[in-house]
Amino acid sequence: MNTNRKRFPLAVACFLTLPIVTGLAAEARCLTPAEAQAVVGKGAVQRLGVIARVVGGEIVDAQLCEGGGLLVYRLVVMREGGRVDNVTVDATSGQRLR
């Protein structure tokens, strides 16, 4: 199977999982890529490489958001077998929230 045929179901799965699933959603504001890069560069949050080990799957989409006084990563994670999950992680501690 060629690479494009493998990525199409992944793209569809990501699109279908875009709705926000955390309680922080109503008040969350996601950082722009430049803002997120600055926060990560300062060492204020964990890098995605560290977070990837916590979530146990391939991160296919990530947003760094602030809400409720926390910085959180909102992630779309592809599990083994093709299952896609929405995962929220405290960006400072690296602890999975949901």
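It should be noted that the structure appears before, not after, this text.
Here is what the cut-offs are and how they apply
Residues numbered from 1 in each chain as written. Predicted model: local features only at pLDDT ≥ 70, side-chain atom pairs only at ≥ 80, totals over all residues. Heavy atoms only, no water. Buried < 20%, exposed > 50% of the residue type's maximum accessible area, 1.4 Å probe, protein only. Helix = DSSP H or I, 4+ residues; strand = E, 2+ residues; numbered from the N terminus. Pairing = 2+ DSSP bridges. Contact = heavy atoms within 4.5 Å. Polar contact = N/O pair within 3.5 Å; in protein donor to acceptor, adjacent residues only side chain to side chain. Core = buried A, V, L, I, M, F, W, Y, C linked by side-chain atoms within 4.5 Å.

Student: Lay out the pairing of strand E4 (residues 84-90) in plain terms, naming residues and giving numbers.
Tutor: For E4, a buried count of six out of seven residues is recorded, marking the element as mostly surrounded by other parts of the structure. Of the pairings in the sheet, the one linking strand E3 (residues 70-78) to E4 comprises seven bridges and is antiparallel in character. Counted as the bridge partner of leucine 75 is valine 87 from E4. Where E3 folds back on E4, the antiparallel hairpin that results is connected by five residues, among which glycine 81 adopts a positive phi of roughly 90°.

Student: Hey, could you go over the sheet that holds E3 for me, with residue numbers and the actual values?
Tutor: As summarised here, the arrangement of the four strands in space is E1-E2-E3-E4, forming an open sheet in which the pairing is antiparallel. The open sheet has two free edges, formed respectively by strand E1 (29-30) and E4, since each of these has just one partner strand. Relative to E3, strand E2 (residues 58-67) runs antiparallel, the two being bridged by nine bridges. Bridged to aspartate 61 within E3 is valine 76.

Student: Could you give me a rundown of the environment of arginine 29, with the residues and numbers involved?
Tutor: Locating arginine 29 in the fold gives a position in strand E1. Looking at arginine 29, the relative accessible area reads 39%, which means it is partly exposed. The sequence separation of arginine 29 and glutamine 63 amounts to 34 residues, and the corresponding C-alpha distance is 9.9 Å. Apart from residues lying up to four places away in sequence, arginine 29 is in contact with Glu35, Cys65 and Glu66. Reaching out from arginine 29, the side chain makes a polar contact with the side chain of glutamate 35 at a distance of 3.3 Å.

Student: Residue-level account of the pairing of E2, with values.
Tutor: Pairing of E1 with E2, which is carried by two bridges, proceeds in the antiparallel orientation. Directly across from arginine 29, in E2, lies its bridge partner glutamate 66. Between E2 and E3, which pair antiparallel and follow one another directly, the connecting turn spans two residues, one of which, glycine 68, has a positive phi of 60°.

Student: Help me get a handle on the side chain of aspartate 85, residues and values and all.
Tutor: Here aspartate 85 shows up in strand E4. For aspartate 85, a relative accessible area of 17% corresponds to the buried category. A distance of 2.7 Å separates the side chain of aspartate 85 from the side chain of arginine 83, its partner in a polar contact. Ignoring any residue separated from it by four or fewer positions in sequence, one finds aspartate 85 in contact with Leu75, Val76, Val77 and Arg79.

Student: Explain the nonpolar core to me, and be specific about the residues and the numbers.
Tutor: Core analysis: the biggest nonpolar cluster contains 14 residues, and Val45, Val55, Leu64, Tyr73, Leu75 and Val89 have the highest contact counts within it. Going through the elements one at a time, helix H2 (33-41), helix H3 (48-55), E3 and E4 are the ones with two or more residues in this core.

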